[in-house]
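What follows is each chain in one-letter form.
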Amino acid sequence: MAAKLLPTVPGTSGIRIRYLIALLIVVVVVAAVYRAGRSVSFVKAPEEVLKDFDEPPSSAVGAIYSAGESERGVKVPVEVQKEPDEAPNPAAAKDCDLFSGRWVFDNESYPLYKGKQCSFISEQLACEKYGRKDLNYQYWRWQPYQCDLPRFNATALLESLRGKRLIFVGDSLNRGQWHSMVCLVEKWIGPSLKSMSSHLNGSLRTFKAHEYNASIEYYWAPLLVESNSDMPLNHRLPDRYVRVQAIEKHSRHWTDADILVFNTYIWWLGDKMKVLWGPFNGPDGIYKEIDMVRAYEMALNTWSEWLEVHVNRTKTQLFFMSLSPTHMRGEEWGLEMGENCYNETDMITEEGHWGIGSDPRLMRAVEAAIDGLKTRGVNVKILNITQLSEYRKEAHPSIYRKQYAQLTEEQLSNPVSYADCAHWCLPGVPDTWNELLYAYLFHLP
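Residues numbered from 1 in each chain as written. Predicted model: local features only at pLDDT ≥ 70, side-chain atom pairs only at ≥ 80, totals over all residues. Heavy atoms only, no water.

A.B. asks: Mind laying out the confidence of the model for the protein chain, listing which residues take part and the relevant values?
C.D. replies: The predicted model of the protein chain averages 83 in pLDDT, with 78% of residues at 70 or higher. Per-residue pLDDT stays below 50 along residues 1-17; that stretch engages in 0 contacts with residues further than four places along the chain or on separate chains. Below pLDDT 50 for its whole length, residues 26-88 participates in 48 contacts with residues either more than four positions away or in separate chains. (pLDDT = per-residue confidence, 0-100. Contact = heavy atoms within 4.5 Å.)

A.B. asks: Describe the state of the cysteines, and please don't skip the residues or the numbers.
C.D. replies: In the structure shown here, the tally under the stated rule is 4 disulfides. Bridging Cys118 to Cys183, the disulfide has an S-S length of 2.1 Å. One disulfide, between Cys118 and Cys183, carries an S-S torsion of -85° and so falls in the left-handed class. With Cys118 in the loop between strand E3 (101-105) and strand E4 (140-144) and Cys183 in helix H4 (residues 172-186), this residue pair connects regions lying 65 residues apart in the sequence. Across the pair, exposure class does not vary: Cys118 and Cys183 are buried alike. (Disulfide = S-S within 2.5 Å. Helix = DSSP H or I, 4+ residues; strand = E, 2+ residues; numbered from the N terminus. Buried < 20%, exposed > 50% of the residue type's maximum accessible area, 1.4 Å probe, protein only.)

A.B. asks: Quick one: what's the story with the environment of Asn434, residue by residue and with numbers?
C.D. replies: Positionally, Asn434 belongs in helix H10 (residues 429-442). Asn434 gets classed as buried once you look at its relative accessible area, which sits at 0%. With 254 residues separating them along the chain, Asn434 and Ser180 place their C-alpha atoms 7.6 Å apart.

A.B. asks: How would you summarise the environment of Asp134 if you had to cite specific residues and measurements?
C.D. replies: Tracing the backbone shows Asp134 in the loop between E3 and E4. Taking relative accessible area as the criterion, Asp134 reaches 23% and is therefore assigned partly exposed. C-alpha of Asp134 to C-alpha of Glu394: the two residues are 260 residues apart in sequence and 9.9 Å apart in space. Within polar-contact distance, the side chain of Asp134 engages the backbone nitrogen of Asn136 at 3.4 Å. (Polar contact = N/O pair within 3.5 Å; in protein donor to acceptor, adjacent residues only side chain to side chain.)

This is the structure we're talking about:
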């Protein structure tokens, strides 16, 4: 039986159509409101937005940003936080403090080279070669809190040095950093395409990467200015004095450098320094013993004046390494008086540890000199390696190095007496210093 249609009332068809359209609009509006109600949970206060990004999905790669609002209502990018050991690359985080961080054990990526395979490693720093069995000191990676150090790329560095000179100038700690840099790059260069040479009675040593026409050099100037200790093979003198106003004997060998990395510190420890005005061994020389910090300031003033006048500001990049700490007083980390870094295999874990031998007055003098240069248009970057190196009491050569003088029976019976707690084993801490230098050269202009 066919279904009966509802009877049609004449004149009502237009009303019925308008009624159906109105009903349809109501349904659409209700549905939209319902859907909006379901999605309202995604509209949150700024702190809730940030909280969401505290634990990003495991598939999140790199930095992901979402628009949030600060407490002042200004829209700000919100960065997805990674796991603690993963952080944004410094190339994308130029405001990161590379020197604030922690040491992370990493025996997969480190060391960056094998000490026994480095052709030019210093015998003074070749700890494994000279009998050190515990090699854990080689496996620590510096991890800034807010970013990562970029991976050191020897080929990229050499390419950037094509036709250029990188010169480390300073004392034996800077020489160790130079040895580190040579070891970092030389394994990537064929045997016939690299060489090492010595000039100026050993004051200037040059590693040459011939394919790139690149030089990585070290110049011995332990006090930066002239002194009676300027001979690298005869510098241990009982009566040391310095010409704080004279630097030309050294500086003329750096003038055309493309990158200069300076340091001077360990020879400025003590209360007094003998200062000479006038020529060496001349009748007109005037000697005066003055406060060590004041003498250091005078030497830095001479150095900064030379930079201001002679450096090519459009060509040469300038760096100054902060003081390298020593670990000669074991009582600083709980040992008996008279002990030192000998037999140490673990680092110091106390956050912010600062050794007695690290004099902040000298660091402030460097900062003041560099601030003064900046006002005169000369930009010198400080690489603040002091705090990160303070923790590494276990990374010194101690007794595991070449001994250039015959040890006495008394010394042999007491290894603490001849342990080297000032320099650093390679591979080791100076490699991190060069990773920081690399980061500044490539990512933090």
